[in-house]
Amino acid sequence: MDAIIQAIIQGILLGGLYAVLGIGMSLIFGIVKITNLAHGDFIILAAFISYIFMGVLGCNPFLTLILVIPIMFVVGYVVQNTMLNKVLSRGDEPPLLVTFGLSIIIQNLLLYIFTANAHKLQTPLLLKAIPITEDVRIPVMYLIACIVSIFVILALAFYMKNTYQGRAIKAASDDIEAARLMGVNVKSIYGIAMGIAMMTAAVAGVMLGTLFNFYSYSGGTYLIVAFAVVVIGGIGNLYGTLFAGFVFGLAQIVGAQILGAEWQQLIGYAVLLIMLIFRPQGLFGNK
C-alpha cells in the first residue's frame, strides 16, 4: 500500500513538471495557431543556458532563472518577429517547417558546443526528502518543481485575464480582424506571446535539468510529452494543461508501479491515444 501511495505522490509531483513543459506549447498553439516543433529544443536550450551560468557564476540553478527567463523571452520574441510572422499568412505548412528547421539547428548547435554527453544542473536538494511515514517520502526537488510549475501557470492565467497585453493576446487569438480594428498590433502581440511561451520554457528547462540528465538531443522527448499534455488538457486551456499534466504523470508512475517500470512510457501514451479517439478536443477543449 505504501508503494502505491508513494507512486501517487511521485506522479502528482511529476505531473506539475509535465504541465509547465506543455504550457508554452499550448499558449502558442492557442494564440498563434502554430505547432512549435522546436518547443522541446528551446526547453533544453534553456537548461544549457542555466548550465553555463552555473559554471561561470558558481550559483545554484534557481538563481540562474533571473538571467535565463529574460534571455529566453528575447529569443522567443526575435524568433517570432524575424521568422514566424513572415510566413504566417502563407498557410499552415511554412510555420511548421520553420520550427522544424529551428529544432534541427538548435540540436546540432548544442551538440557541437556541449557534445552528446549527459549534463545535469546539480543541487543538493535532489537528495533530500520529507518523510511522511517510514516508507513514504516527498522528494523535495520534485515538490519544488511542482510548486514552481503551478505558480507559473497561475501567474500566466492572472496575466492573461488582468493585464492589457494579456487581454490583447486573448483578443488576437479569438478574432484577428476585430483585434486589429481595436488598435492591437497583432504581429507585436504574437511576438510577446512567443516570448512568454519561452519564459515558461526557461522555467521548465531549469526544473527539468535539476531532476534529470539532459542531452543535446533531448528536445524531441520533451516535445512529445508537451504535445501529450496539451492534447489531453485541451489546446490553449491553461488550467486544462495543468490538470492534464497531473493525469499524464499519475498514469505513468502509478501504471509503472502496478505493471512494471518498462510500461511507464507506454501507459502515458496509451492515455493520449484514448483521448485522441474519444475526446480529440481534450478534457477542457471546445468542440
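Above this text sits the structure in question.
Residues numbered from 1 in each chain as written. Predicted model: local features only at pLDDT ≥ 70, side-chain atom pairs only at ≥ 80, totals over all residues. Heavy atoms only, no water.

Some details on the layout of surface pockets
Over the atoms rolls a probe the size of a water molecule, and its path tells where empty space is left.
And then number 1: Reported here for the largest pocket is a volume of approximately 620 Å³.
And then number 2: In terms of lining residues, the largest pocket is bounded by 25 residues, among which K170, I235, G236, N237 and L238 are the most central.
And then number 3: With five residues, the single largest contributor to the lining of the largest pocket is helix 1 (residues 2-31).
And then number 4: When the residues that make up the lining of the largest pocket are grouped by side-chain class, the tally is 12 nonpolar, nine polar and four charged. (1 Å grid on protein atoms, 1.4 Å probe; cavity = no way out; pocket = protein on both sides within 12 Å on 5 of 7 lines; lining within 4 Å. Points joined across faces, edges and corners; volume = space filled by probe spheres on them. Helix = DSSP H or I, 4+ residues; strand = E, 2+ residues; numbered from the N terminus. Nonpolar A, V, L, I, M, F, W, Y, C, P; charged D, E, K, R; others polar.)

Some details on the nonpolar core
And then number 1: Ranked by internal contacts, the top residues of the largest apolar core, which has 86 residues, are F42, M72 and I169.
And then number 2: When residues of this core are assigned to their parent elements, the largest contribution, 17 residues, is made by helix 8 (residues 186-211).
And then number 3: Sequence-distant contacts of F42, defined by excluding residues within four places in its chain, comprise N36, M72, V75, V79, L102, I106 and M198. (Core = buried A, V, L, I, M, F, W, Y, C linked by side-chain atoms within 4.5 Å. Buried < 20%, exposed > 50% of the residue type's maximum accessible area, 1.4 Å probe, protein only. Contact = heavy atoms within 4.5 Å.)

Brief notes about the environment of A197
And then number 1: Within the fold, A197 resides in helix 8.
And then number 2: For A197, a relative accessible area of 0% puts it in the buried group.
And then number 3: Separated by 106 residues in sequence, A197 and G91 have C-alpha atoms that sit 22 Å apart.
And then number 4: A197 has contacts with G24, L27 and I28, leaving out every residue within four places of it along the chain.

A few points about a nonpolar patch on the surface
And then number 1: On the surface, Y51, I52, V56, L57, L63, I66, L67 and I71 cluster together into a nonpolar patch covering about 720 Å² of accessible area.
And then number 2: Take V56: it is sitting in helix 2 (residues 39-57).
And then number 3: Judged by its relative accessible area of 62%, V56 is exposed. (Patch = residues over 30% accessible without salt bridge, like charges linked within 9 Å, V, L, I, M, F, W, Y side chains within 5 Å. Areas by Shrake-Rupley, 256 points an atom, 1.4 Å probe, with all protein chains shown as cover. Salt bridge = Lys/Arg side-chain N within 4 Å of Asp/Glu carboxyl O.)

Here's the deal with helix 11 (residues 264-278)
And then number 1: Along its 15 residues, helix 11 runs 22 Å from first to last C-alpha, staying within 8% of the 21 Å computed at 1.5 Å per residue.
And then number 2: Among the residues of helix 11, I267, G268, L272 and M275 are the ones counted as buried. When helix 11 is viewed along its axis, its buried side chains cluster within an angular range of 145 degrees and face the same direction. The outward face of helix 11, more than 90 degrees from its buried face, is lined by the exposed residues L266, L273, I277 and F278. (Expected span 1.5 Å × (residues − 1). Arc of directions from axis to C-beta.)

A short note on the packing of helix 2 against helix 3 (residues 61-84)
And then number 1: Contact geometry of helix 2 with helix 3 gives a least axis separation of 9 Å together with a crossing angle of 135 degrees. As summarised for this structure, helix 2 and helix 3 are arranged oblique, according to the angle between their axes. In the packing of helix 2 onto helix 3, the handedness of the crossing is right-handed. On helix 3, the residues that touch F42, L45, A46, I49, S50, F53, M54 and L57 of helix 2 are P61, T64, L67, V68, I71, M72, V75 and V79. (Axes fitted to C-alpha atoms, helices over the stretch in contact; angles between N-to-C directions. Parallel < 35°, antiparallel > 145°, perpendicular 65-115°, else oblique. Left-handed = near helix turned anticlockwise from the far one by under 90°.)

Regarding the packing of aromatic side chains
And then number 1: By the definition in use, this model includes nine aromatic pairs.
And then number 2: Centre to centre, the rings of F48 and F114 are 4.2 Å apart; their planes meet at 25 degrees, and the pair counts as stacked. Taken as a pair, F48 in helix 2 and F114 in helix 4 (residues 93-114) lie far apart in primary sequence, 66 residues in all.
And then number 3: Overall, F48 belongs to the buried group, its relative accessible area being 1%.
And then number 4: Residue F114 is classed as buried on the basis of its relative accessible area, which comes to 13%.
And then number 5: Seen in terms of ring centroids, Y142 and F212 are 6.2 Å apart; in terms of plane orientation they differ by 80 degrees. Their pairing is edge-to-face. In this pair, Y142 sits in helix 5 (residues 140-162) while F212 sits in the loop between helix 8 and helix 9 (219-233), placing the two residues 70 residues apart along the sequence.
And then number 6: With relative accessibility at 15%, the residue Y142 sits in the buried group.
And then number 7: Through a chain of ring-to-ring contacts, the aromatic side chains of F48, Y51, F114 and F214 assemble into a single cluster. (Phe/Tyr/Trp six-rings, centres within 6.5 Å; stacked < 30°, edge-to-face > 60°.)

So, the side chain of H119
And then number 1: Position of H119 relative to the elements: it lies in the loop between helix 4 and strand 1 (129-131).
And then number 2: Within polar-contact distance, the side chain of H119 engages the backbone oxygen of N117 at 2.9 Å.
And then number 3: Ignoring any residue separated from it by four or fewer positions in sequence, one finds H119 in contact with F48, Y51, F114, F212, N213 and F214. (Polar contact = N/O pair within 3.5 Å; in protein donor to acceptor, adjacent residues only side chain to side chain.)

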